[in-house]
Every structure is written in structure tokens, then in C-alpha cells.
Amino acid sequence: MVKANLIQIHDVIRLNYYFLLFFVFSFHNKMVRWITPFVKQCFVTSGVAISMAQFGLVFGITAILIPQLQSQKPVMLIDESTESWIAAIPGFALLFGNFTIPTIMGKYGRKVANIISVLPVIVGWLLITSASNTYFILAARFLQGISMGMSTSLGPILIGEYTSPKYRGAFLSSLCLVMAMATLTVHSVGSYVTWQWTAFVCSVITFIDLLIVINSPESPSWLADQGKYEDCRKVFIWLRGDTENEELEKMIEASKIVRESKADVVISDTFVKNLKAKFAVGFEALRRKEFYKPIFVMVHVYTLGEWAGINILSPYIVEVAEALVDKDKMNVPLLVVTVDAQRIIMNAAAIYFMTKFRRRVILISTTMLCVAVLLLISAYSYAKTSNLLPFDHPSIGAILLHVHMFTIATGSVPLPMTISGEIFPLQFRSVSGALSAVFFSFHLFITVKTYRYLRNSLGLHGTYLIYAAIVTYCLVVSWIFLPETKDRTLQEIEDEFRGGPPTRDRDEKTAEILMETK
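Quick caveat, the model's predicted, so the values are computed rather than measured.

What counts and what doesn't
Residues numbered from 1 in each chain as written. Predicted model: local features only at pLDDT ≥ 70, side-chain atom pairs only at ≥ 80, totals over all residues. Heavy atoms only, no water. Helix = DSSP H or I, 4+ residues; strand = E, 2+ residues; numbered from the N terminus. Buried < 20%, exposed > 50% of the residue type's maximum accessible area, 1.4 Å probe, protein only. Contact = heavy atoms within 4.5 Å. Areas by Shrake-Rupley, 256 points an atom, 1.4 Å probe, with all protein chains shown as cover. Patch = residues over 30% accessible without salt bridge, like charges linked within 9 Å, V, L, I, M, F, W, Y side chains within 5 Å. Salt bridge = Lys/Arg side-chain N within 4 Å of Asp/Glu carboxyl O. Phe/Tyr/Trp six-rings, centres within 6.5 Å; stacked < 30°, edge-to-face > 60°. Axes fitted to C-alpha atoms, helices over the stretch in contact; angles between N-to-C directions. Parallel < 35°, antiparallel > 145°, perpendicular 65-115°, else oblique. Nonpolar A, V, L, I, M, F, W, Y, C, P; charged D, E, K, R; others polar. 1 Å grid on protein atoms, 1.4 Å probe; cavity = no way out; pocket = protein on both sides within 12 Å on 5 of 7 lines; lining within 4 Å. Points joined across faces, edges and corners; volume = space filled by probe spheres on them. Expected span 1.5 Å × (residues − 1). Core = buried A, V, L, I, M, F, W, Y, C linked by side-chain atoms within 4.5 Å. pLDDT = per-residue confidence, 0-100.

**Comments concerning the overall build of the chain**
Along the chain, the regular secondary structure elements total 22 helices and zero strands. A buried classification covers 51% of the 518 residues belonging to the chain. Of all intrachain contacts in the chain linking residues separated by at least 6 positions in sequence, the fraction that spans at least 24 positions is 84%. For the chain, the accessible surface area stands at approximately 24300 Å², while carbon and sulfur atoms represent 68% of it.

Structure follows, in C-alpha cells:
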């Protein structure tokens, strides 16, 4: 009897075991079919996107942090100067991140650089969580600025190298949507809890980002640049599947040409000769169209993006709204909320636009509309303050604000991020991206710092007139020199700037220069 029961139990266990194997096998097959190259690209892109979302978290928490510091018991003593530094120091620290990241990207790889870029911002959030005085907060904000400067250079480049041409524009433009959502998140959380708990929530988000980055692969472009062609093929196929092998082989062939042209050159180990060789190669690079043309274009695209008005409508939107509409006739706080909500919606719409329309078409059309709105706001503001309007209604100012945000959220904000991930050549990608990002950081700092001075000196109409002039100049330059990048591989874009595919004869000139410095 006992033996029969044992046999039955054994049969049940074996049946359940087989059923479990069948379930696991079926689930594994479904998971394999579900995890497509697109899903993998979404995963690796999410790590970069959360890193870029620090712009929204870091700048967004300022609106929570400063008022709570002033009202908490006991009060943390801060004066107006300290307040301005708490708000502005990340923009200043961006430059340090811009200059630090190229060496790490080029020498140790994109993945290592991405991990390093996340660490300072985690430390910064933890410092804010436990801060007992403003010195800790300033130190934390400085570390966060360094991290953001690294991400500015690294993020768009990494997404450009990870993703397929048909998805690249959507992934790159999603960075702006994530930043806007991060701002909304930190404002929402900070409305219900203290600034310490808000910072803790931000640290948890950043830690999740670190886990994603650690589990992401190295960039196939960097692996090719280092001569690790088999690893490059494995990562590329894992990310893209086997339908884009033509781009893979062209990238590897271009990398081989550059590496083989320098294979016989042995640089002296002495410091002076090594430094002399680096300067010689640097001057040779400056003469290459694929080096200086993308930087020239990107500097103007970044300048266009920063002076189009986003740095007015983000921190000073209440002031602008009150200057354009009568507070007694329209609910200004509600207007501000609707403009912020519109930004998120239009950032989402920009992702769709990037997949359907050419980059140049979007940039030129939205920027021309932006210039028109800047001029209209300038004229309307001047006429309003000078009592020259024959007719006025609060809806006029509200419509102008919404149209302005439309042009920014669909064009001048997402497009610089998108284009910066596409136009730099592989050989100089780290340096080119960092040099261009310096201008992004510079203009971000200048526009935020000078707005009040320009407003007090020239009025809102004069300020918007200056912005319109700068944006018009950058639009003309971009119109002339920016090539179309939609649905093109990074190698094709690089070849257009170069004037053709790379040749051994051309790269051997660099090798000859290196030999002459020995």
C-alpha cells in the first residue's frame, strides 16, 4: 500500500516536472520572440534617456528646494546670492563635464564613460538628502552639473551608435520628452513631500539608471574604432539583428582603413616628442572637412536651440505671462500649467514628426515660425506697454505663448539633441561632441543669466528682438550647411561631410606627419 502511494506520488512529481519544463520552454520561446532588436534598442536607450532626464530633475528641484529652505524650521539661512548660485551652479559645472568626458569616451569606451557620468549625480542626490547647510547643497549641485555636462556630450552620440537609422530620430527626440516628464515628476513629488524626500526619490531613479547602464553593451562603433571587430559584430547584431549588415561592414572597413594607415607608425615614448606628435595630428585634423564642418554646424544648431526661447519659458514663464496678459482678466497660474502641459504633448508629437518628416524640413519650418512669433511678441509687448493697441484681449498673449512653446517643443529643443547624435565622424566623435557641447553649456548659462539684465535694460520687446536676430542668423547658417540625416547611416553622413568614403592615401598623410615628428 505504501509502495503504491509512493509510486503515485513519484508519477505526480514527474508529471509536474514535465509540465514545468514545457511551461518554461514555451515561455522562453515567447520571450525570445518578444525581445526583438527594437526592444533591445529601447532598453539601452532608456539608460541614456534617464541620464539626460537629470536636466529635468536637477533644474526642476530648484523650484521646490529654495522655497522650502526659506520656510522650514529652523530656517537654513540663504541670501539672494546663495539662491542664485544654487539655481545656476549646475550650468557652470556643465563645462567641467564637457571637458572631462572626451578622454574617457575615447580611451575607455562609451559604457565606462556612461557609468562614470551617473556616479556624481547619485552622490549629489544623496548629499542633498542629508544636507545640513547650503555648502553641502552647493557641492551636490556642482557634482550634478558635472554629470549633466558628461551626459550632454555622451548621450546623443551613444544613442546614435546604438540605434537603427529608422528609429534613431525618434529615440533622440525622446530625450526632450523624458526631460520634460522628469521636471513634471520632481514638481509633483515636491508638492507633497519635503525636499529631502524629493531628492531621495530622484536618487532611486538615478540608481535604476545605473543598473540599466551596467547591463547595457559597449557601443559597436567604439569597438570597431579599437579594432575589436568580432566583438563589434556580436554587439551590432545583438542590437540591430542581421538586416543591417551593410552598415556594419562599411563601418568596419572605414575603421580598418584608418587603423592600417597608422599601423607602421611608432610614436616615441618621450614626453616632448609624444606631445609634438599629438599637436601635429591635431592640426591635421583641423584641416579635415569631416572634423570642422560638423562642429561648425552643431555650434549654430545648439545656439539656435538655446536662444529660441526655452530658457525664458522654463524659469521665467510667469514673468513673461504677466507681461503679455492682464492678471485681472486671466488666470496666469493656469496659463503657465497649460503651457507646461503643452510642452510634454508637443515633445511627444516631435517623436512622431521625426519618423515622418526630414530633419531640415522640421528645423527650417519650426524655426521660421519661431522667429515670426518672437517678432510678434516683441511688437505686441512694445505696443502694449506704449498704449498703442487699438484693441487688446488676454487671449492674444496666451495664444502667442502657446505658439511659441509649440515651435520650441517640436523644433528647437528636440532637433539639436537629434542632430548631435548623427553628424560627428567616428574618428573624432568624442572630441567633436564635447567641443560642440561646450557651446551648448555656454549659451545655456548666458541666456539664463542675462535675461533679467536684458529685460530690465531693453524691456521684453527688446529682449525678444535680440533673440529673434540671433535665431535668424543661426537658421541661415543651418539652412546652408546642415545636410539631411534622416534614415541615413552614420557612415553615409560622415562620408558626405568628408566629400566621399575614406581612402588609405588620405589617411596615410596623418601617418607621414607622425613619422616626421619622431
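**Side note on a nonpolar patch on the surface**
A surface patch of nonpolar side chains, amounting to about 700 Å² of accessible area, comprises Tyr 192, Val 193, Trp 197, Phe 200, Val 201, Val 204 and Ile 208. Looking at the secondary structure, you find Trp 197 in helix H9 (residues 195-214). The exposed category is assigned to Trp 197, whose relative accessible area is 55%.

**Here we look at the environment of Ala 113**
Relative to the assigned elements, Ala 113 resides in helix H6 (residues 110-130). Spatially, the C-alpha atoms of Ala 113 and Pro 102 are 8.8 Å apart, while their sequence positions differ by 11 residues. Once residues within four sequence positions are removed from consideration, Ala 113 is found in contact with Ile 101, Ile 104, Met 105 and Leu 154.

**Concerning the packing of aromatic side chains**
Going through the model one piece at a time under the given rule, you end up with 13 aromatic pairs. With a centroid separation of 5.7 Å and an interplanar angle of 70°, the aromatic rings of Phe 92 and Phe 96 are classed as edge-to-face. Remark: Phe 96 and Phe 92 occur in helix H5 (residues 80-108); sequence separation between them is four residues, near one turn of the helix. Phe 92 sits in the partly exposed class, given a relative accessible area of 35%. Judged by relative accessible area, Phe 96 falls into the partly exposed class, the value being 41%. On the numbers, 4.9 Å between centres and 65° between planes, the contact of Trp 307 with Tyr 467 is edge-to-face. With Trp 307 in helix H14 (residues 289-313) and Tyr 467 in helix H20 (residues 429-481), this pair connects stretches of sequence that are 160 residues apart.

**Focus on unusual backbone geometry**
The phi dihedral of Asn 387 falls on the positive side, at around 55°, and the residue is not glycine. Residue classification places Asn 387 among the exposed residues on the basis of a relative accessible area of 69%. A positive phi is found at Asp 487, a non-glycine position, where the angle reads about 60°. For Asp 487, the position within the fold is in the loop between H20 and helix H21 (490-498). Since its relative accessible area comes to 45%, Asp 487 is described here as partly exposed.

**Focus: the pattern of salt bridges**
Counted by the stated rule, this structure contains 13 salt bridges. A salt bridge links Lys 250 to Glu 246; its shortest N-O distance comes to 3.4 Å. You can see Lys 250 and its partner Glu 246 sitting in helix H12 (residues 245-261), four residues apart, about one turn around the helix. Exposure remark for Lys 250: the relative accessible area of 39% places this residue in the partly exposed category. Each of Arg 168, Arg 359 and Glu 422 takes part in salt bridges that share partners, so that together they form one network.

**Quick notes on the packing of helix H4 (residues 62-71) against helix H8 (residues 165-190)**
Two elements in contact, H4 and H8, have axes whose closest approach is 9 Å; the angle formed by their N-to-C orientations is 25°. One element, H4, and the other, H8, form an angle in the roughly parallel class. Note on element contacts: H8 touches H4 through Val 186, His 187 and Gly 190, opposite Ala 63, Ile 64 and Gln 68. Its residues assigned to classes, the contact of H4 with H8 shows three nonpolar, three polar and no charged.

**Overview of empty space enclosed by the protein**
A complete count under the given rule lists three cavities of 30 Å³ or more for this structure. As a volume, the largest cavity reaches approximately 100 Å³. In terms of lining, the largest cavity is formed by 13 residues, of which the most central are Ser 221, Glu 247, Met 251, Leu 490 and Gln 491. Taken together, the residues of the lining of the largest cavity sort by class into five nonpolar, three polar and five charged.

**Quick word on H21**
Residue pairs three or four apart in sequence face the same way in an α-helix, which turns once every 3.6 residues. Within H21, seven of the nine residues are buried, which leaves the element mostly enclosed by the surrounding structure. Within H21 the residues assigned to the buried category are Leu 490, Gln 491, Ile 493, Glu 494, Asp 495, Phe 497 and Arg 498. Positive phi shows up at Gly 499, right after H21, with a value of about 100°.

**Concerning H6**
When the terminal C-alpha atoms of H6 are compared, their 31 Å separation across 21 residues agrees well with the 30 Å that a helix rising 1.5 Å per residue should span. Buried within H6 we find Arg 110, Ala 113, Asn 114, Ser 117, Val 118, Pro 120, Val 121, Ile 122, Gly 124, Trp 125 and Ile 128.

**A short note on the nonpolar core**
In terms of nonpolar packing, the biggest core is built from 118 residues, with Trp 125, Val 320, Leu 324, Leu 401, Ile 423 and Tyr 464 touching the most fellow members. Other than its neighbours up to four places away in sequence, Tyr 464 contacts Ile 312, Leu 313, Val 320, Leu 374, Ile 377, Ser 378 and His 404.

**Looking at the confidence of the model for the chain**
In the predicted model, the chain carries a mean pLDDT of 81, and the fraction of residues at 70 or more is 83%. Low pLDDT (under 50) marks residues 15-32, which in the prediction has zero contacts with non-local residues, meaning those over four places away or in another chain. In the model, residues 510-518 has pLDDT below 50 throughout and makes 22 contacts with residues more than four positions away in sequence or in other chains.

**Quick notes on the packing of H14 against H21**
In the contact formed by H14 and H21, the axes pass within 8 Å of each other and the chain directions differ by 100°. Between H14 and H21, the interaxial angle falls into the category roughly perpendicular. On the side of H14, the interface is formed by Lys 289, Glu 290, Lys 293, Pro 294 and Val 297, while H21 contributes Glu 494, Phe 497 and Arg 498. Here the contact of H14 with H21 is built from residues that sort into three nonpolar, no polar and five charged.

**So, the side chain of Ser 151**
Within the fold, Ser 151 resides in helix H7 (residues 134-162). Ser 151 sits in the buried class, given a relative accessible area of 4%. If near-sequence neighbours (up to four positions away) are discounted, Ser 151 is found in contact with Ser 51, Met 52, Ser 117 and Pro 156.

**Focus on the side chain of Thr 198**
For Thr 198, the location among the structural elements is in helix H9. A residue is classified by how much of its surface remains accessible, and Thr 198, at 1% relative accessible area, is buried. The residues contacting Thr 198, other than those within four sequence positions of it, are Ile 61, Ile 64, Val 186, Val 189, Gly 190 and Val 193.

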